[in-house]
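# Residue-level structural notes
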Amino acid sequence: MKSTKPSFESLNIFKEIPFSSQSVPAGFPSPADDFLEFDLSLDKKLIKHPSATFFVRVSGNSMVNAKIFDGSILLVDRAEEIKNGDIVLVVIDGDFTVKRYKKLGENIFLYPENKNMSPIKITKNSESYVWGKVMWSFNRVR
Amino acid sequence: MIALVDCNNFYASCERIFKPHLDKKPIAVLSNNDGCVIARSNESKFLGLKMGEPIFKKRYLVDKHNIHLFSSNFALYGDISKRVFDIVGNNVPSYEIYSIDEAFLDFSGIKDPYGYALHIREKVKRWTGIPISIGISYTKTLSKVAGYIAKKSRNGISYLKDKNEINEILRSLPLDEIWGIGIRYAIKMKKYGIHTAADLLECDETWIRKMMNVVGLRMVRELKCIPHFNLNTNRNMKKSICTSRSFAIEIKEYSRMSEYISMFSSRCSEKLRSEKACARSISVFMYTNRFKPKVKQYSGYFSMNFHTATSDTITITKLAIKCLKKIFRSGYSYKKAGIILSDIIPKNQVQLNLFETTDRNKTDKLMKTIDRVNGNMGRDILKLSSSGINNKWKIGKEKLSPCYTTRWEDILHIRV
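Worth saying up front: this structure is predicted, and the values here are computed from it rather than measured.

Before going further, it helps to spend a moment on the overall build of chain A. The secondary structure content of chain A amounts to one helix and seven strands. Ordered by position from the N terminus, the helices and strands of chain A form the series α-β-β-β-β-β-β-β. Across the 142 residues of chain A, 34% fall into the buried class. When contacts within chain A are restricted to residue pairs at least 6 apart in sequence, those whose partners lie at least 24 apart make up 52%.

This is the structure:
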């Protein structure tokens, strides 16, 4: 669908207004109040489309070279357009998996990020679709 | 122009987002006690599963066709609903959320309503996985008619603009499919030979007003393309909040009933606090099973006022138990009970009572702590002991799917 229509998404700014951190007793106001800013929010930094964002926990080792490890939590955005080479959450015949999406001519391949495993070719008679694009992988450091 | 967005088979569609192996398979969602069917996928509708039907009567159908059953998961449905209407709302100047799966959109000034509706439908499907249908026409009532047609159309959109076409459709539209006309009016009107929407339009307006009162008249006018109902865009605070249950096993003892009433009180005050509101009065009700005419019947209802509007679980529970004591009669088997908090006002408008004895700041802090602990660690980690310590009575939710979008321990788990 072409989206030449007006979008009102831009109206959604000003959701939060910072207010003074100080109560106001008589006396000298904090000189820092003029420089008050929003707190750093990971949500705002990482989530582009809140309505289309989902979290997924993975187990397995087929994507370790893409920094997706056993136990990682992934941030998946369904609004993002899928381009060649993106890491995607896909459904193949009713089952979820995560792979790198590659289109070569007419054919679609799903590449694992692990040398010991081989790519999957999507055949015409399998029912498969991209569920969303994997944007971030979260792992605890140690 | 007004557009009505309706999510197709909403609860069943929500369950499917995270279970792609159930695409094209029959699904049904059950009511709070896993008792009755409250939502069906198209496949289940096709198999003849009816809305509101007790599921135990349909065991053979469920087994024969392997219909997948789910307990209702309102945490999930509520979150998905919010996502859908956030997307829809960001694409129009104003909108009114009408129910968990329906909203009216202001489509005025949109040059190509049909194309724009297609665009919205596509976007919602891609972003959330929920299929929607959209009906567009001159008034709210007509947009409902368009929505009815949209559901049956191939691409889920219906744009009723041409007046001749509208008349044509109204001629074959049964009365009880019109927004606001219940089956009771439909039966009443049939006695006067009025069977379709078009028949109704030919009636004299004073007669309609007499038969169906002024709201009925406005609705008929709306079918004539004259707008009477505006979009209600400022979401009013709820006037009352209810928590109730039908019991899978009927209740006889006072002690068990008071545990339930206590549990309802915590749930209901939790809802109240999440709306940043306080209630001025409370009602408690309970009744026996009306569908078992042979057993002794009783129904009780009692209301009381708080000294000062409150949202404090302890105060609310205390008064609920007082109401309960007024109406509870032993010797009956109770099928359903519940509490209603009403006279609701925003928390910052509460008038303090001169003889107030409780420390409101202190209870405020206590309630915030309880809500936070329960929000982080799971429901009922902290609760009043009056609501029972063993969980034997926990409501039947055998087939509950995970809260994929609202609890970290429940997020989708996949193998890669």
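Further notes follow.
Moving on, we come to the pattern of salt bridges. Counted under the stated rule, the structure contains 18 salt bridges over all chains. Between Glu127(A) and Lys24(B) there is a salt bridge, with the nearest N and O atoms lying 3.4 Å from each other. With one member in each of two chains, Glu127(A) in the loop between β6 (120–122) and β7 (128–138) and Lys24(B) in the loop between α1 (10–17) and β2 (27–30) form a pair that bridges those chains. Judged by its relative accessible area of 59%, Lys24(B) is exposed. A salt bridge links Glu253(B) to Arg256(B); the nearest nitrogen and oxygen atoms lie 3.6 Å apart. With a relative accessible area of 40%, Glu253(B) lands in the partly exposed category. Classification of Arg256(B) as partly exposed rests on a relative accessible area of 27%. Linked by salt bridges that have partners in common, Lys48(A), Glu80(A), Asp86(A) and Lys133(A) make up one network.

What follows is about the nonpolar core. Residues Val98(A) and Phe107(B) are the most contacted members of the largest nonpolar core, which totals 58 residues. For this core, the element with the most residues is helix α4 (residues 74–89) of chain B, which contributes seven residues. Each residue touching Val98(A), except ones within four places of it in the same chain, is listed here: Ser62(A), Met63(A), Ile68(A), Leu74(A), Ile87(A), Val88(A), Leu89(A), Val134(A), Ile414(B) and Val416(B). Listed in part, the 31 residues of the second largest apolar core include Ala277(B), Ile316(B), Leu319(B) and Leu324(B).

On to the interface of chain B and chain A, then. By a widely used convention, the size of an interface equals the accessible area lost when the partners come together. In this assembly, 32 residues from chain B lie in contact with 39 residues from chain A. For the chain B and chain A pair, buried surface summed over both sides reaches about 3,100 Å², with 58% attributable to carbon and sulfur atoms. On the chain B side of the contact with chain A, Trp127(B), Ile414(B) and Val416(B) bury the most area, a combined 24% of that side's loss. On inspection of chain B and its partner chain A, the count reaches one salt bridge. Taken together, chain B and chain A are joined by 17 residue pairs in polar contact (both at pLDDT 80 or more). Those elements that place two or more of their residues in the side of chain B that touches chain A are α4, α5 (113–128) and β13 (412–415) of chain B.

The next subject is the sheet that holds strand β10 (residues 277–288) of chain B. Residue and element names in this part refer to chain B. Spatial ordering of the open sheet is given by β9-β12-β10-β11, a layout of four strands whose pairing is antiparallel. The open sheet is flanked by β9 (240–251) and β11 (299–310), the only strands paired with a single partner. Averaged over all adjacent pairs, the angle separating strand axes in this sheet is 15 degrees, with direction ignored. When β9 meets strand β12 (residues 334–346), the two strands line up antiparallel, connected through eight bridges. Bridging from a neighbouring strand, Cys-242 pairs with Ile-340 of β12. Strands β9, β10, β11 and β12 of the sheet are contacted by helix α11 (residues 254–274), whose axis makes an angle of about 150 degrees with β9. Of the strands in this sheet, β10, β11 and β12 touch helix α12 (residues 313–327), which is tilted by about 150 degrees from β11.

Right, let's get into the sheet that holds strand β3 (residues 37–40) of chain B. Residues and elements named next belong to chain B. On the basis of which strands lie adjacent, the open sheet formed by three strands has the order β3-β2-β4 and mixed pairing. Each having just a single partner strand, β3 and β4 (68–71) make up the two edges of the open sheet. Each neighbouring strand pair of the sheet contributes to a mean axis angle of 30 degrees, computed without reference to strand direction. Bridging between β2 and β4 involves four bridges; their strand directions are parallel. Bridge pairing in β4 links Ile-27 to His-68. Of the strands in this sheet, β2, β3 and β4 touch α1, which is tilted by about 110 degrees from β2.

Reading the values: the criteria
Residues numbered from 1 in each chain as written. Chains lettered and ligands numbered in written order. Predicted model: local features only at pLDDT ≥ 70, side-chain atom pairs only at ≥ 80, totals over all residues. Heavy atoms only, no water. Helix = DSSP H or I, 4+ residues; strand = E, 2+ residues; numbered from the N terminus. Buried < 20%, exposed > 50% of the residue type's maximum accessible area, 1.4 Å probe, protein only. Contact = heavy atoms within 4.5 Å. Salt bridge = Lys/Arg side-chain N within 4 Å of Asp/Glu carboxyl O. Core = buried A, V, L, I, M, F, W, Y, C linked by side-chain atoms within 4.5 Å. Buried area = accessible area lost by both parts, 1.4 Å probe. Polar contact = N/O pair within 3.5 Å; in protein donor to acceptor, adjacent residues only side chain to side chain. Pairing = 2+ DSSP bridges. Axes fitted to C-alpha atoms, helices over the stretch in contact; angles between N-to-C directions.

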